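Observations on the model geometry
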Amino acid sequence: MGTVIEVQRLHKEYGSLVAVDDVSFQVMAGEIFGLLGPNGAGKTTTVECLQGLRHADGGQMRVLGLDPWKERSSLRRRIGSQLQESALPDRLKVWEALDLFATTSLSRSAREQLLEQWGLADKRNTSFSSLSGGQRQRLFVALALVNQPEVVFLDEVTTGLDPAARRTTWDLIEQIRERGTTVVLVSHFMDEVERLCQRVAVVNHGRIVALDTPARLVEQRAQQRRVLFHWEGEPLSWLESLPHVRAVQQQGNQVEVQGDGAVFQHVAAALLQRGIEPDDLRVERPTLEEVFLQMVGKSDEE
Amino acid sequence: MRTLMKTTWVELKLFAREPLTVLFTFAIPFVVLFVLGGVFGNRPADPHVYRGFGILNYYVPAYIALVVAAIGLIALPVHLAAYRERGVLRRFRASTIPVWSVLGGQVAATFLIGVLASLILVVLALAVYHTRSPQSLVGVLAAFFLGAIMFATLGLFLGLALPTARAAQGAGVLLWFVMMQISGPGAPPEVLPTALLRVADATPLKHLVVLMQDPWFGLGWNGPEMLIVLGFFVVAALLTIVFARRS
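Worth saying up front: this structure is predicted, and the values here are computed from it rather than measured. (Residues numbered from 1 in each chain as written. Chains lettered and ligands numbered in written order. Predicted model: local features only at pLDDT ≥ 70, side-chain atom pairs only at ≥ 80, totals over all residues. Heavy atoms only, no water.)

1. Some remarks on the overall build of chain A
If you tally the helices and strands in chain A, you get 10 helices and 13 strands. Counting every position in chain A, which comprises 302 residues, the buried fraction comes to 51%. Summarising the internal contacts of chain A: among those between residues at least 6 apart in sequence, 64% fall at separations of at least 24. Accessible surface for chain A amounts to roughly 14,100 Å². Of this, 45% is attributable to carbon and sulfur atoms. Each charge sign in chain A was given a centre, from 34 positive and 42 negative side chains, and these centres are 7 Å apart. (Helix = DSSP H or I, 4+ residues; strand = E, 2+ residues; numbered from the N terminus. Buried < 20%, exposed > 50% of the residue type's maximum accessible area, 1.4 Å probe, protein only. Contact = heavy atoms within 4.5 Å. Areas by Shrake-Rupley, 256 points an atom, 1.4 Å probe, with all protein chains shown as cover. Lys, Arg positive; Asp, Glu negative; His and termini not counted. Charge placed at Lys NZ, Arg CZ, Asp CG, Glu CD.)

Written as structure tokens, this is what we have:
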């Protein structure tokens, strides 16, 4: 399988705000590649640079062998875009939108097929403003596919949809891949990425903090443990020198030791050796949700 | 070219689906004309006002210019600013439709709507009040073409420069209303104080009104006014290019 997208050291600033600091990854032909991260992590800016919608300040990019900025008009013909926070004119009808976005005249049957596939057949004469959130998103994806692109960019395609509509959309995204189209999926939902993506890059503060298959990401992080106990006394920073310990945090009388594997056993033995016997000594494994939050630094900033 | 025709056609359809804008564009000018006609009739020329022409004779070409100004200053900027505000323009930019054909489609649609609204106005004025028909049709058409393109370009600039549709609406209506009062389609220029005439000189509508009226009344083609209208067009076009690149 060939490389469809190649990004090296992408950097983008808006004034003094660094949106994308240093991002590198590759997307292979035929995969669904996920960019996962909290709001403001730089995911959207990254894919906007890849689609030639923004000029990157630094780094190299190739999409389908093209420079996304310098050759953006040729690139547009070969990619499909579903943008976050975009709209169509209120009174534009569904079939008119498809007609408008098609580069070559769309045959009636091709149009009907797209409408049928995306569950919009009975909405063909409905104006954009009268569509529900889910219908709008499906229309956007249909518009992204109307020119039979080689790569499709989907940016938070299920945000704001009810659970049933999300699942329908997921099925449809899998169908896109089955037809051989490469998909770049931007999301802040762990479950979505886990369900759809072959590989996922976790982005935070403009950097990739992890890149792997969803299963391996969870597996690696599932090795992590937290040892918790109460302690009133001198700082326990010496715990950091123990095997399997990554960090020690003390807040008030609450101690949290982060590590992996046999960290609990080592901490317990070391404490015992020094005569410290906290009666609430316990170990916690991270949940799936926490794996993600941990990777993105528990940031709740938008 | 095919894309431009597609976007123009879509813009025309979208326009036709906005009942208020349609009403405003097509109905207001001749409603006002009919009120004036009812009040004054097509009173014969008085050399002291209305450039020495009959009242309704004077107003018909001025109102054509006013219609073109309304579409360019209000309808188009509000429409375009709403496109930007709501992400429609972004949506188009990310597709195979170049921004220039979106903007071009809006200019072309504006032009065609202006043609239709002007035709309605002229036909009704000729039929009901037997106003003078244009002495130089070529001159009037040339003036119309220049004026419509100039105001549409000005509209593009406003639509790209103003932050929201509401801002565009406010600015557009204000500009249009001031121009309507002082630039010819309102009070006759002869009764305006000098200060207001100076202000009117700075408005594009004033010059378009004269550019339309002169060939209409057989006074020939007004070269200096043409240059001024062209000047407004060039400035508006340059500003449009600057803001289109930035947005």
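2. A few points about the overall build of chain B
A count of helical and extended segments in chain B gives 10 helices and 0 strands. Listing each helix as α and each strand as β along chain B from the N terminus yields α-α-α-α-α-α-α-α-α-α. A compact globule built from 247 residues would reach a C-alpha radius of gyration of about 18 Å, and chain B, at 18 Å, matches this within 12%. Reported as C-alpha extents along the three principal axes, the dimensions of chain B are approximately 60 × 35 × 30 Å. With 247 residues in all, chain B has 52% of them scored as buried. Summed over all atoms, the accessible surface of chain B reaches about 10,700 Å², with 74% contributed by carbon and sulfur. Distance between charge centroids for chain B: 15 Å, based on 17 positive and 8 negative side chains. (Rg over C-alpha atoms; globule rule 2.2 N^0.38 Å.)

3. Quick look at the interface of chain A and chain B
Of the residues lining the interface, 29 residues belong to chain A; the matching set on chain B comes to 21 residues. Here chain A packs against chain B, burying approximately 2,300 Å² in sum over the two surfaces, 52% of which is carbon and sulfur. A per-residue breakdown of the area chain A buries against chain B is headed by A:Arg91, A:Leu100 and A:Phe101, which together make up 29% of the total. Viewed at the interface, chain B and chain A are joined by 5 salt bridges. A salt bridge links B:Glu18 to A:Arg91; the shortest N-O distance between them is 2.9 Å. On inspection of chain A and its partner chain B, the count reaches 15 residue pairs in polar contact (both at pLDDT 80 or more). Those elements that place two or more of their residues in the side of chain A that touches chain B are strand 5 (79–82) and helix 3 (94–101) of chain A. Of the residues forming the side of chain A that touches chain B, the biggest block, 5 residues, is contributed by helix 3 of chain A. Among the residues forming the side of chain A that touches chain B, the class breakdown is 12 nonpolar, 8 polar and 9 charged. (Buried area = accessible area lost by both parts, 1.4 Å probe. Salt bridge = Lys/Arg side-chain N within 4 Å of Asp/Glu carboxyl O. Polar contact = N/O pair within 3.5 Å; in protein donor to acceptor, adjacent residues only side chain to side chain. Nonpolar A, V, L, I, M, F, W, Y, C, P; charged D, E, K, R; others polar.)

4. Some words on the pairing of strand 7 (residues 182–187) of chain A
Residues and elements named next belong to chain A. The buried fraction of strand 7 is high, at 6 of 6 residues. Side chains Thr182, Val184 and Val186 of strand 7 all project onto a buried face; the interleaved residues Val183, Leu185 and Ser187 project onto the opposite face, where all are buried too. As judged from the 5 bridges shared by strand 3 (residues 32–36) and strand 7, these two strands associate in the parallel manner. Bridged to Ile32 within strand 7 is Val183. Each parallel crossover has a hand, and the one from strand 6 (residues 151–155) via helix 6 (residues 163–178) to strand 7 is right-handed. (Pairing = 2+ DSSP bridges. Right-handed = clockwise from strand over helix to strand, strands pointing away.)

5. As for the packing of aromatic side chains
Residue and element names in this part refer to chain A. In total, this model carries 11 aromatic pairs over all chains according to the counting rule given. Between the NZ or CZ atom of Arg72 and the centre of the ring of Trp69, over which it lies, the distance is 4.0 Å. Its guanidinium or amino end placed over the ring of Trp238, Arg274 lies 3.8 Å from that ring's centre, counting from NZ or CZ. (Phe/Tyr/Trp six-rings, centres within 6.5 Å; stacked < 30°, edge-to-face > 60°. Lys NZ or Arg CZ within 6 Å of the ring centre and 35° of its normal.)

6. Regarding the packing of helix 3 (residues 55–86) of chain B against helix 5 (residues 99–129) of chain B
Residues and elements named next belong to chain B. Between helix 3 and helix 5, whose axes approach to 9 Å, the crossing angle comes to 155 degrees. When the axis of helix 3 is compared with that of helix 5, the two are roughly antiparallel. As helix 3 packs across helix 5, the resulting crossing turns out to be right-handed. Here the contact of helix 3 with helix 5 is built from residues that sort into 18 nonpolar, 6 polar and no charged. (Axes fitted to C-alpha atoms, helices over the stretch in contact; angles between N-to-C directions. Parallel < 35°, antiparallel > 145°, perpendicular 65-115°, else oblique. Left-handed = near helix turned anticlockwise from the far one by under 90°.)

7. A closer look at the environment of B:Gly155
Residue and element names in this part refer to chain B. Looking at where Gly155 falls in the secondary structure, it is placed in helix 6 (residues 137–161). Owing to a relative accessible area of 0%, Gly155 belongs among the buried residues under this scheme. Distance in space between the C-alpha atoms of Gly155 and Trp9 is 19 Å, their sequence separation being 146 residues. What Gly155 contacts, discounting residues up to four positions off in sequence, is Gly72, Leu76 and Pro77.

8. Focus: the pattern of salt bridges
Taken as a whole and assessed by the stated rule, the structure comprises 22 salt bridges over all chains. In this structure, A:Glu112 engages A:Arg124 in a salt bridge whose closest nitrogen and oxygen atoms are separated by 2.4 Å. Of this pair, A:Glu112 sits in helix 4 (residues 108–117) while A:Arg124 sits in the loop between helix 4 and helix 5 (133–145); the two residues are 12 residues apart in sequence, bridging distant segments of the chain. Given a relative accessible area of 28%, A:Arg124 falls into the partly exposed group. A single network of salt bridges, built from pairs that share partners, joins A:Glu48, A:Arg54 and B:Arg90.

9. Brief notes about the nonpolar core
Side chains of a nonpolar character, in soluble globular proteins, are inclined to be buried together. A:Leu88 and A:Trp118 are the most contacted members of the largest nonpolar core, which has 65 residues in total. Leave out the neighbours within four places in its chain, and A:Leu88 touches A:Ala97, A:Phe101, A:Phe128, A:Leu139, A:Phe140, A:Leu143, B:Arg86, B:Val88 and B:Arg91. Counting residues in each nonpolar core, the second largest holds 51 residues, with B:Ala81, B:Val140, B:Phe144 and B:Met212 among its members. (Core = buried A, V, L, I, M, F, W, Y, C linked by side-chain atoms within 4.5 Å.)

10. Regarding the sheet that holds strand 10 (residues 224–230) of chain A
Residue and element names in this part refer to chain A. Strand order in the open sheet made by the 4 strands is 11-12-10-13, with antiparallel pairing throughout. Since the sheet does not close on itself, it has two edges, and those belong to strand 11 (245–251) and strand 13 (282–284), each with one partner. Between one strand axis and the next, the sheet turns through 20 degrees on average, direction left out of account. Where strand 10 lies against strand 12 (residues 254–260), 7 bridges are found, and the strand directions are antiparallel. Each bridged residue has a counterpart across the sheet, and for Val227 the counterpart in strand 12 is Val257. Its contacts with the sheet put helix 9 (residues 263–273) on strand 10, strand 11, strand 12 and strand 13, and the angle it makes with strand 10 is roughly 30 degrees.

11. A few points about a nonpolar patch on the surface
Residues B:Val31, B:Val35, B:Val39 and B:Phe40 make up a contiguous nonpolar surface patch of about 330 Å² in total accessible area. Tracing the backbone through its elements, the reader meets B:Phe40 in helix 2 (residues 19–40). (Patch = residues over 30% accessible without salt bridge, like charges linked within 9 Å, V, L, I, M, F, W, Y side chains within 5 Å.)

12. As for helix 8 (residues 214–222) of chain A
Residue and element names in this part refer to chain A. Along helix 8, the residues that are buried comprise Pro214, Leu217, Val218 and Arg221. Buried residues of helix 8, seen end-on, are gathered within an arc of 90 degrees and therefore sit on one face of the element. Turned more than 90 degrees away from the buried face of helix 8 sit Ala215 and Glu219, all of them exposed. (Arc of directions from axis to C-beta.)

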